[in-house]
Structures are given as C-alpha cells and as structure tokens.
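Here is what each chain is made of, one letter per residue.
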Amino acid sequence: MMGGRFQLFNSSSCDASHRRSFRRTLLLTFLLVPGLLGLLSGPLPARMVEDQTGRRVNIPEHPQRLISLAPSITETLFALGLGDRVVGDTDYCEYPPEAKLKPRVGPILNPNLEKIVALKPDLVLGSPEANRRETADRLERLGIPLYGVTAHTVDETLHSIEDLGRVLGHEPEARKLVISLRQRIEAVEKRVASRPRPKVLFVVWYRPLTTAGPNTFITDVIQRAGGTSISQDLRGEWPRLSLEEALRRDPDVILFPRSESFSPELEEFQRLPGWRDMRAVKDRQMFFISDAIIRPSPRLVDALEEVARALHPPQGEGEERRK
Amino acid sequence: MKVAATRRNALALTIILFVGLVAVALGALLFGGVHLPLGEVWEGLRGSASYPQATSIIRGIRLPRILLAMLVGAALGVSGTALQALLRNPLADPYVLGISSGAALGAIIALWVGGRVAAASPAAAFAGALATMAWVYLLGRRAGRLASYTLVLAGVVTASFLSAVILFVLTLLSTRDVRGIAFWLMGDLSVVTDAQLRVLFPIVLLGVSALYLFAKDLNILLLGEEEAAHLGVNVARVETATYLLASLLTGVAVSVSGAIGYLGLLVPHLGRMAVGTDHRTLLPVSALGGAIVLVVSDTLARTVVAPGELPVGAVTAVAGAPVFIYLLRRTAG
Amino acid sequence: MDCSELQTTGRGLSETRGSVTLQVQDVSFGYPHFELAPTSFEARSGELLAIIGPNGSGKSTLLEIVSGHLKPLSGHVHLDGEDLHQLHPRQRAQRVGLARQETILLFSFEVREFVRQGRHPHLGRSLFESSDDERWVDWALERTNLTPFANRRILEISSGEFQRAVLARALAQRPRLLLLDEPTANLDIGYQIEMVSVVRHLAASEDFVAVIVTHELNLAAELADHLVLLEAGRCLAQGRPEQVLQSELLSRVFRTPVLVDQNPSSGRPRITWVAS
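How each quantity is defined
- Residues numbered from 1 in each chain as written.
- Chains lettered and ligands numbered in written order.
- Predicted model: local features only at pLDDT ≥ 70, side-chain atom pairs only at ≥ 80, totals over all residues.
- Helix = DSSP H or I, 4+ residues; strand = E, 2+ residues; numbered from the N terminus.
- Expected span 1.5 Å × (residues − 1).
- Buried ≥ 20, exposed ≤ 12 C-beta atoms within 10 Å, placed from the backbone.
- Contact = placed C-beta atoms within 7 Å.
- Nonpolar A, V, L, I, M, F, W, Y, C, P; charged D, E, K, R; others polar.
- Pairing = 2+ DSSP bridges.
- Axes fitted to C-alpha atoms, helices over the stretch in contact; angles between N-to-C directions.

### Digging into helix α6 (residues 154-167) of chain A
All names here are of chain A. For α6, with 14 residues, the first-to-last C-alpha span of 20 Å sits near the 20 Å given by 1.5 Å per residue. Taken across its 14 residues, α6 has ten buried, putting it largely inside the fold. Following α6 by one or two positions, Gly-169 adopts a phi angle in the positive range, close to 80°.

Okay, structure coming up:
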C-alpha cells in the first residue's frame with residue numbers, strides 16, 4: 001500500500017525549515033530511482049516523518065482527506081484553513097460550528113474503526129492525551145497512517161500548530177496564525193508584568209476537588225496571565241486536593257472551566273461546607289473560564305486572555321468580572 | 001431434553017453446534033459500524049483488491065474480533081464448567097479463584113511502570129494470572145491435595161486482596177491510563193493482534209482438549225472427593241490438572257480481552273439445562289455454546305449504539321444478570 | 001470375652017460355599033482422641049457380616065480400613081489373597097464397592113447416570129461406557145427396584161430411593177466385596193428388611209462378600225450370618241448372632257438393660273429394650 005521505506009530527514013523541529021529545503025533537494029536527487037519505484041507500487045507518494053510524539057510514521061506527500069480524533073486537533077485544522085480537507089471528526093468536535101457538520105466517527109476514546117476506514121482517509125490525526133494507544137495500534141495494523149499531535153504548554157501548543165501546518169502543506173497560514181497568537185500572548189504578559197500575582201485555584205472538578213498539576217496548560221496559562229497556581233507543586237496531571245489543604249493555601253481567586261455539564265451557581269459554593277470558609281468564596285472572587293483552557297488549540301489564547309482579565313481586570317472594568 | 005451420553009450423541013452435538021457457530025460467525029460479519037452490502041462483505045472476506053475498504057473492514061476489523069470472541073467464549077465456557085465441577089458448586093465462575101484480578105493487576109502494573117507500552121499488556125496480564133494461579137494453588141492445598149473449600153477460600157481472599165491493590169494502583173495512574181484500563185477491566189474484544197490470535201488458538205484448543213480427557217473423571221468428582229476416590233479416581237491428579245487447565249484457559253482469555261463477566265457462570269448452566277451434567281457432552285457444548293454466546297454479545301456490543309461501541313462485558317452483564325435471576329428462580333421453584 | 005477367643009469357637013455357617021474370602025488381620029488405627037485396637041475377622045462370599053456397636057465404637061473406621069481406603073497403623077486386609085492396601089485405587093475400586101450415606105449434591109443427575117458411575121473403575125482408557133456396562137447398570141437398577149425411577153432426577157427422589165440408588169451404584173461396580181455403612185438409616189422397616197435381604201441374597205448369587213455396619217440390632221440378628229461387636233475401639237465379641245447377642249454383654253455395652261430372647265418365627269435372637 002505505501003511506497004518503499006526510504007529514510008528521510010527528521011522533521012521534528014519547526015525552525016529547521018531552511019535546512020530542510022536544501023537537504024530535501026539533495027536527497028531527492030539520490031533517491032529519484034527508488035522514489036519512482038515507490039510511485040509505481042503505491043497509490044500516493046509517501047514520506048517518513050517523525051510525529052509530535054516521536055513516532056516514525058509514513059504519511060502521504062499531500063494528505064487530502066483528514067480525520068481528526070480530538071476536538072483540539074479539529075479546531076486547529078479549521079484555524080489553519082484546512083477545514084475542507086477534514087472528512088471526519090469525533091462526536092465531541094463542536095468548534096468551530098462547521099466541525100459539527102462533518103461525518104462523525106464516534107467518541108474520542110473508542111472511535112469506530114469501520115467508519116474511519118469507510119471514509120478513506122489519507123491521514124488520521126490523534127493525540128495521546130485524548131486517544132487510546134490501542135486505537136493507534138489498530139490503525140497502524142490497518143495500514144492507515146496516524147500522526148500524533150501533543151502539547152503540554154502554551155509554547156508547545158504554538159509549535160504543534162506550526163508543525164501541523166508544515167506537515168499538511170499550509171506553512172504560510174500556520175506561521176501567520178502563530179505570529180498573531182504570540183503577539184496576543186505577549187500583550188497580555190506585558191500588561192500583567194508589574195502587577196502582584198494572585199494565588200489561583202483552578203477547579204477541574206469540585207467533588208472531589210480536582211485541580212491541575214504542574215505540566216498542564218492550565219498552570220502554564222495561569223502563570224502567563226499573571227497568576228500563580230496553588231497546585232503546581234502537586235504531583236500528577238490532575239491531582240486531588242483536600243479541602244483543608246485548599247483552605248490552608250488560601251487562594252485569592254478560584255477559576256472554573258465553563259462547560260455544558262458543569263455550570264453551578266457560584267452562590268451555591270457559599271453554602272457548601274469547607275468552600276464557604278475560603279476567602280476567595282467569601283470575597284466572590286470566583287470566575288468561569290472558557291474550557292478551551294484545556295485544549296492545545298488556538299483558542300487557548302482566548303482562554304489566556306480571559307484568565308488575565310479575571311486576575312487583573314483592565315482599568316475601568318471594575319466589578320464587571322463576574323461569570 | 002436429556003441426551004444419553006454416548007459417543008455418538010456427543011459427536012453429533014459437537015458437529016451441530018460447530019456448524020451453528022460457523023453460521024453465527026458468518027452472520028456476525030455482516031454487522032458493524034458501517035453498513036456493508038452482502039456482496040462487499042464477500043469481496044472483503046476474499047480479500048479482493050478492488051474493494052480495499054471492505055477488505056480492511058472485514059479482514060482487518062470484524063474477522064479478528066469474531067475469531068477472538070470464539071476463542072475467548074470457548075475458553076471461558078469450558079473453564080467455568082470445569083471449575084464448577086472441581087468446586088462442586090454451580091455458582092462458581094472462572095474468576096472466583098482470583099485469576100482475573102491477577103491478570104488485571106499484571107496489566108495495570110505494566111501500564112504504571114512501562115508507561116505507554118500497551119503491547120506488553122497481554123504478556124504482563126498473563127504473568128499476573130499465572131502468579132495468582134500458583135499462589136492460590138499453594139494456599140489452597142491441604143495435606144498435599146487440593147481441597148475444594150480451602151481452594152475457594154484461598155481464591156476469594158486472594159481476589160479481594162488483589163482488587164484492593166488494583167484500586168490503590170489506579171489512584172497512582174494518570175486519568176488517561178485509568179480510562180484505558182476501565183475498558184479492559186470490563187471486557188473488551190476490540191484490541192486484538194494477529195499474533196495474539198495465533199498464540200491463543202492453539203492454547204485454547206489444547207486446553208479444551210486436555211480437559212476433555214478428564215471429562216468422565218469430572219462426572220465422578222461431582223459426587224464428592226471421598227466417593228470419587230472410592231470409585232478409583234485419582235482425585236489429587238484430576239483436581240490439580242483441572243485446576244491448572246481451567247486457570248490457564250481463564251488466564252489467556254482474560255489477558256487479551258479483560259474480565260468478561262457472566263459467561264463462565266451462565267454457559268455451563270445453560271449447557272446443563274440442555275444436555276445434562278455429563279461432562280462428556282457438556283464440555284464440548286459449553287465450549288461451542290460459549291463461543292456462540294460471545295460472538296452474539298460482541299455483535300450486539302458493536303451495533304447497539306453505533307457508531308459508538310459498548311465494551312462487550314457491559315452486554316454480557318446487562319443480558320446475563322436477568323438470565324441468572326431467571327435460572328435461580330427456576331431451580332428454586 | 002474378646003474377639004480372639006470366640007474366633008476359635010466355630011464361626012459362621014459351615015455351609016458357606018463362597019469362593020471369595022476376606023481376611024482382616026489385626027488392623028488398628030489411631031485418631032487424636034480415639035484408638036481402634038487391633039481387630040481381626042474373616043468372611044466369605046455368600047455371607048453377610050454385620051459390624052455392630054454403639055456410636056463412637058469405631059465401626060465406620062473399621063469399615064473404612066476394610067475398604068482399603070484408610071491405611072491402618074498395623075495389620076492387613078486381604079481379599080482373595082490380595083492386600084487391598086497395596087492395590088492401585090482403580091484396581092481396588094474394581095473389587096470393592098462402598099455404599100454409605102452421601103452428602104446432598106447440588107447438581108442434578110438422572111438416577112441411571114448416577115448408577116452408571118459405578119462402572120467408572122472398569123472403563124479403563126475408553127471415555128464412554130460399552131453396551132456391557134449399560135447392561136450391568138440395568139441389572140443393578142433392577143435388583144434394587146429402581147427401574148421405574150431410572151430417568152428421574154436424583155434430587156427429586158425420596159431419601160429411601162436415594163439410598164437404594166447408592167446401593168445400585170455400588171452393585172454396578174460388580175464388586176467382590178460390598179460394604180454398606182448404615183444402609184438403612186432413612187428407610188422404613190419394610191424397606192430395611194428388603195434391602196438387607198436383597199444384599200444377602202445377592203452376596204450368594206453373585207458371589208461376593210457383604211459387610212454392613214449398622215446399629216439396627218434386630219436387623220443384624222435376623223439377617224447377618226456373622227457379627228462383630230465393637231465397643232470403644234475394641235472388638236468385644238464376634239461369631240454367630242446367638243453367640244454375640246447376650247443380654248448381659250449388650251446391656252453393658254449399650255448401657256441400658258436389654259433382654260435377649262428368641263424370635264418365635266425365625267428362631268433368631270431378638271433384642272428387646274427394657275424400660276427402666
């Protein structure tokens with residue numbers, strides 16, 4: 001199905017682009033013959049690349065039919081102007097609205113492989129944070145290439161977007177997008193640079209109280225938005241925090257992700273034992289933040305700006321911070 | 001209707017059920033997340049190059065899964081029957097002696113230690129199953145022999161201890177891994193490699209055949225250990241062999257598919273209702289019956305909430321519990 | 001009076017013609033709180049030997065040793081010259097049939113299936129019974145009057161019928177030695193007599209030795225050819241019923257006054273418990 005396996009460059013770093021072009025020309029000259037043979041034996045020209053998780057995968061030269069197995073990837077693809085190449089996404093891909101119109105392949109954890117096969121994708125994009133290893137294995141065995149996408153910090157997210165653009169042949173769009181995102185981030189950082197950092201508790205789930213660990217977007221975003229996460233010394237990705245410990249750490253601000261399944265009245269917390277004793281609850285310093293804060297997609301920067309507005313309200317906005 | 005256990009009847013039943021199994025398996029090929037017309041199913045099965053999607057779907061997705069369901073269903077059906085005879089208890093199931101907990105713990109530890117090495121999981125699970133099997137055997141011996149009640153005690157205690165350890169280790173895993181494990185703990189037939197099938201097939205075949213050699217001894221064992229000894233049965237040898245073979249079958253099944261519940265408990269019951277307690281007919285009936293039941297359950301799991309999928313353990317539980325209650329009431333009444 | 005003394009004073013019926021002999025020599029056993037002192041007796045096929053005594057006297061232990069299953073601390077059990085304890089369990093099962101009270105099963109067989117299991121020691125390598133085997137199963141069912149019950153489930157028959165099924169299974173083994181432990185426990189008096197008579201009759205017609213353990217003294221008196229009386233692990237007396245069943249001895253052993261006279265219709269001893 002795929003062409004011959006010839007060794008090419010490692011496309012792991014996005015700022016090696018100039019080295020790439022030279023190397024590519026050189027190698028193509030050497031490998032023209034096997035390349036032609038590869039053309040004859042397979043339907044599409046292919047190249048061996050290293051995906052964002054370090055796996056080596058054989059992907060088509062110009063992938064036209066893309067399937068996304070994670071909402072963040074779907075968002076990114078649309079943001080890169082690749083929306084029309086997306087032929088399938090998961091049941092939970094809702095942003096942008098056009099994503100909802102695409103054929104569905106099932107839930108994130110257990111996508112229906114038959115549907116994926118039936119959509120005849122050139123390339124499937126997935127993420128180890130969202131998808132199971134078993135899905136990746138099975139796609140591999142079916143001969144469908146899977147490109148892994150991963151990021152744990154804001155910087156990595158930007159690199160990931162650029163890499164996707166490069167791999168999918170939309171490099172200029174990617175670069176433009178990333179530059180504008182960086183500008184917005186720097187604007188926020190500059191604004192909050194001189195302000196004192198409030199202590200922030202990010203509540204992923206409140207029963208039991210679960211928050212974000214050090215190596216997550218949330219902690220990174222809070223940091224850049226001029227705050228300090230009180231849970232960044234805890235171990236694990238989504239560590240549980242006891243209420244007493246949360247009380248002891250005395251956060252200034254509490255943030256909740258906004259989602260359909262979770263939008264309690266903040267006033268309820270003023271009645272809950274433990275919560276009602278927290279200074280942040282008493283002072284009503286509780287805010288909802290877009291759930292894009294947990295997605296390695298361009299909207300992460302929207303979330304960043306929201307957090308910055310919550311922690312450091314721009315002059316003149318005063319009490320308009322609630323909800 | 002009870003069938004006299006003669007060589008002829010056992011053979012006839014085996015053939016009939018085998019044909020039934022093949023029919024069910026072929027039928028199951030028609031179902032899945034994507035609707036394939038009959039012609040394409042056939043082309044896919046033949047592997048014709050002009051129908052690559054159908055081939056991928058039929059040969060790459062549906063067929064391995066159906067084969068796995070057959071092997072696991074047979075393994076669990078037979079080991080459930082054998083353990084019920086060994087423990088002289090119709091309520092025994094293949095997991096009562098802790099094998100599935102041991103396998104689960106093996107897989108979870110591998111996940112925790114090795115990170116993302118999912119390929120090692122079946123091997124680690126099987127190692128866990130073997131270790132548990134050895135441990136319970138040593139614990140359950142009395143005067144150098146397996147005594148069924150100490151065996152059950154040893155197994156139950158081990159199983160609950162292991163479950164506690166599993167819960168503990170689960171809190172140490174990241175949430176992402178926990179989600180993956182949940183599928184596995186419930187029984188999931190979607191994760192199968194050709195290599196696994198190639199290993200599983202001879203093991204299940206040999207295990208089931210070897211147990212069949214003890215079929216007439218198992219009949220006698222049902223009378224009680226002393227009575228069996230008085231009838232000339234080498235009780236120690238039969239019990240040990242039955243225990244080892246049943247545990248081996250359970251161990252390989254659980255290692256590749258997780259702990260699919262109710263099958264090992266109910267298939268022997270249904271088999272007994274159909275053909276009686278003579279293991280010379282009951283064992284093949286349980287093997288083939290278990291295979292048929294699991295293929296059907298898995299087909300339901302794949303189609304009921306399409307395009308999503310249920311783990312097959314959910315289907316066997318939802319269907320199994322009412323069947324079990326019905327059987328209980330029938331025997332009590 | 002003890003066992004060895006009586007042994008010389010004429011044993012059993014001199015008209016026994018059986019060819020199979022059972023020789024129990026000086027077998028003893030020791031549990032933590034109970035000891036069976038060296039005990040000996042003999043029996044021939046065609047005879048019914050009854051082991052009697054109060055509870056806890058060691059009757060079942062003795063029977064267990066005689067079956068070859070429990071290895072004695074001392075002594076031997078020879079059946080037709082073969083030491084039963086040296087035999088392979090399957091060989092032993094081909095020669096010795098044991099029928100005793102069994103625990104309730106949770107599984108349901110048919111009565112015929114249950115009795116068929118008596119053929120197991122004879123199956124050898126083959127997995128299934130031959131037509132010869134089936135014939136012996138039919139024979140055993142017939143002899144115990146179970147033929148109409150053959151297709152009923154073992155859990156659905158009465159306890160008396162179940163006991164007969166246990167006997168049938170032992171008979172299906174075609175043993176040289178048939179041992180019965182309290183075979184009459186759940187039977188009413190009519191069945192009791194019938195079962196023990198059948199056993200005695202078969203012992204003669206099929207040429208095997210029959211040994212029963214019972215505490216039904218009158219039954220033993222009526223139907224046994226030879227009695228062995230145990231008390232607290234010792235054999236106190238053995239011999240013909242009229243020799244063993246003496247009122248003074250029995251009163252002492254059973255700790256209650258007992259009157260022994262003669263049954264007017266059979267001439268056998270008759271034991272009557274005296275109200276005190």
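### Describing the interface of chain B and chain C
Opposite the 23 residues of chain B that make contact, chain C presents 22 residues. The set of elements that each furnish at least two residues to the side of chain B that touches chain C consists of α9 (215-221) and α10 (225-230) of chain B. Top contributing element to the side of chain B that touches chain C by residue count: α9 of chain B, with four residues. By residue class, the composition of the side of chain B that touches chain C is eight nonpolar, eight polar and seven charged.

### Some words on unusual backbone geometry
For the peptide bond that leads from Tyr-95 of chain A to Pro-96 of chain A, omega is -5°, which places it in the cis range. One can find Pro-96 of chain A in the loop between β4 (86-88) and α4 (113-118). Positive phi, normally seen in glycine, also occurs at Tyr-262 of chain B, with a value near 75°. Looking at the element boundaries, Tyr-262 of chain B is found in the loop between α11 (235-257) and α12 (263-275). Residue classification places Tyr-262 of chain B among the buried residues on the basis of 23 C-beta atoms within 10 Å.

### With respect to helix α3 (residues 52-86) of chain B
Turn by turn, an α-helix covers 3.6 residues, leaving residues three or four places apart pointing in a common direction. Residue and element names in this part refer to chain B. In this model, α3 (35 residues) spans 49 Å end to end at C-alpha, consistent with the 51 Å of a helix rising 1.5 Å per residue. Taken across its 35 residues, α3 has 30 buried, putting it largely inside the fold. Of the residues one or two after α3, Arg-88 is the one with positive phi, at around 50°.

### Notes on the sheet that holds β4 of chain A
All names here are of chain A. One open sheet holds the four strands; their spatial order is β4-β3-β5-β6, and the pairing between them is parallel. Since the sheet does not close on itself, it has two edges, and those belong to β4 and β6 (146-148), each with one partner. For this sheet, the mean inter-axis angle between neighbouring strands, taken without regard to orientation, is 35°. Relative to β4, strand β3 (residues 66-68) runs parallel, the two being bridged by two bridges. From the neighbouring strand, Leu-66 faces β4, where its bridge partner is Val-86.

### Digging into the pairing of strand β10 (residues 234-239) of chain C
Residue and element names in this part refer to chain C. The buried fraction of β10 is high, at five of six residues. In this sheet, β10 lies alongside strand β9 (residues 226-231) in antiparallel orientation, the contact comprising five bridges. The partner of Glu-231 across the bridge, within β10, is Arg-234. As consecutive antiparallel partners, β9 and β10 are separated by two residues, and within that stretch Ala-232 has a phi angle of approximately 50°, a positive value.

### Description of the pairing of strand β1 (residues 21-31) of chain C
Residue and element names in this part refer to chain C. Note: β1 against strand β2 (residues 34-44), eight bridges, orientation antiparallel. When the sheet's bridge partners are listed, Val-27 is paired in β2 with Thr-39. Following β1, the chain reverses through two residues before pairing antiparallel with β2. One ladder, built from five bridges, connects β1 with strand β4 (residues 74-79); its direction is antiparallel. Following the sheet pairing, Leu-22 is matched in β4 by Leu-79.

### Some remarks on the sheet that holds strand β7 (residues 177-181) of chain C
Residue and element names in this part refer to chain C. The strand order across the open sheet formed by six strands is β6-β7-β8-β3-β9-β10, and the pairing between neighbours is mixed. Single-partner strands in this sheet number two, and they are β6 (96-100) and β10. Sheet twist, expressed as the average angle between the axes of neighbouring strands with direction ignored, equals 15°. Relative to strand β8 (residues 209-213), helix α2 (residues 59-66) is tilted by about 155°, and along the sheet it contacts β3 (48-52), β7, β8 and β9. Sitting on the sheet, helix α8 (residues 189-205) touches β3, β7 and β8, and the angle it makes with β8 is about 155°.

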